[in-house]
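So you can see what is in the structure, the chains are spelled out below.
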Amino acid sequence: MANPDISVIVLTYNADLNDLKKTLRSIMLQKGVSYEIVIADDGSSDNLSDEISAFFETSGFEDYVLAMSPENHGTVINVISGVEKASGRYVKLISPGDYLYDEDSLKKLFDCAAKNDAPLVFGDILIFDSNAEEFTVIKKWAYPQIVKCYSEDSYDPEAVRLNNLVVADNVHGVSTLIEHVVLLKYLKMIEGKVIYCEDLSYRLMAYEGVKMIRCPYPVVMYGYGEGISTSGKWEERLRNDTRAANELMLSMPCSDEKFKELMRQAFEERFSGDRKKMKAFFAKHPDLLLKKLKMERSPRYTATEYNEAFVSQILGA
């Protein structure tokens, strides 16, 4: 397909074939937009090219691309490989075991991006237990908690930047749709510095004022339990990636020196893991403490309702 609306890039590394098929089904059920599927594999020990191609052939789906790396390089380079193979105006990243929420998920994101001329849009998510035998919803805090600043009628770029970089109220990467050229630009900025956390590129986007609009619907069902961001063994790697991204931002020019100093203090104190430093930071910035407490006392939660027929189709039930 020449220049589809969206390239859905499925990021694989030693993926379970059944999980991958479920994810692919959720994509192939999409309506209302043109899309292609790009499988970007990061040097898995088992190359599933033949099995993937056979699944697409059986499903009657032809608009796919395989980007299979012979070596493992880490998630960021794998994403770059997939994006470089993609031809869509926008890119949706997803991993095996996660699903699009319903048949209109891509259309809702695409329409929101087009209406608002936004390089990045995101929606809400539903979280389910990826270790459970039956589809089981888990109710958790939603991110971001503060959403008014992302709305199309009251967009506030300064609040978006503050909330992503200092308040730690980030956009959830799994729920995003991003303009192709913008995503590739910021991935290239972190290439060689950040290894696993491709969504740290979104923090750089917030830092430089890239417009981010919230699509007020659930768009993704996220399997909780086995991903990089939910497994304890990856914590040190994630900390290293975050540190590298923070150092990169501090090295970048900023016209607002006051904000840059606030960001530096946040990186060194707020996110240090040292309770004394954290207390010292909030003592200097009581307004941020109030914002943190407000989120904790009146949290926003992830979606809990879903279309059972759609989920049954995905699971092959």
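All values reported here derive from a predicted model rather than from experimental measurement.

A. Looking closely at unusual backbone geometry. With an omega dihedral of -5°, the bond running from Tyr143 to Pro144 counts as a cis peptide bond. A positive phi is found at Asn14, a non-glycine position, where the angle reads about 50°. The topology assignment puts Asn14 in the loop between strand 1 (6-12) and helix 1 (17-28). Asn14 gets classed as partly exposed once you look at its relative accessible area, which sits at 41%. You will see that Asp117, though not glycine, has its phi angle at about 50°, which is positive. Here Asp117 is to be found in the loop between helix 4 (105-116) and strand 6 (120-129). Since its relative accessible area comes to 61%, Asp117 is described here as exposed.

B. Local environment of the nonpolar core. Counting 55 residues, the largest nonpolar core has Ile9, Val166, Leu183 and Met205 as the members making the most contacts within it. Per-element tally for this core: the top contributor is helix 7 (residues 200-207), with 6 residues. Sequence-distant contacts of Met205, that is, excluding residues within four places in its chain, are made with Leu120, Ile178, Val182, Leu183, Tyr186, Val210 and Met212. Counting residues in each nonpolar core, the second largest holds 35 residues, with Phe56, Ala118, Val174 and Ile213 among its members.

C. Spotlight on the layout of surface pockets. If you add up the space inside the second largest pocket, you get close to 180 Å³. Taken together, Gln145, Ile146, Lys291, Lys294, Met295, Ser298 and Arg300 form the lining of the second largest pocket. Each residue belonging to the lining of the second largest pocket can be placed in one class, and the counts come to 2 nonpolar, 2 polar and 3 charged.

D. Representation of the side chain of Arg203 in the model. Secondary-structure assignment places Arg203 in helix 7. With near-sequence residues (within four places) excluded, Arg203 lies in contact with Asn164, Leu165, Asn170, Asn246, Met249 and Phe267.

E. Examining empty space enclosed by the protein more closely. Across all of its chains, the model carries 2 cavities of 30 Å³ or more by this definition. The computed volume of the largest cavity comes to approximately 60 Å³. Among the residues forming the lining of the largest cavity, the class breakdown is 5 nonpolar, 4 polar and 2 charged. In this model, the second largest cavity occupies a volume close to 40 Å³. If you go around the second largest cavity, the residues you meet are Val166, Val167, Arg270, Phe281, Phe282, Leu288 and Lys292. Taken together, the elements giving at least two residues each to the lining of the second largest cavity come down to helix 10 (275-284) and helix 11 (286-297).

Conventions and cut-offs
- Residues numbered from 1 in each chain as written.
- Predicted model: local features only at pLDDT ≥ 70, side-chain atom pairs only at ≥ 80, totals over all residues.
- Heavy atoms only, no water.
- Helix = DSSP H or I, 4+ residues; strand = E, 2+ residues; numbered from the N terminus.
- Buried < 20%, exposed > 50% of the residue type's maximum accessible area, 1.4 Å probe, protein only.
- Core = buried A, V, L, I, M, F, W, Y, C linked by side-chain atoms within 4.5 Å.
- Contact = heavy atoms within 4.5 Å.
- 1 Å grid on protein atoms, 1.4 Å probe; cavity = no way out; pocket = protein on both sides within 12 Å on 5 of 7 lines; lining within 4 Å.
- Points joined across faces, edges and corners; volume = space filled by probe spheres on them.
- Nonpolar A, V, L, I, M, F, W, Y, C, P; charged D, E, K, R; others polar.

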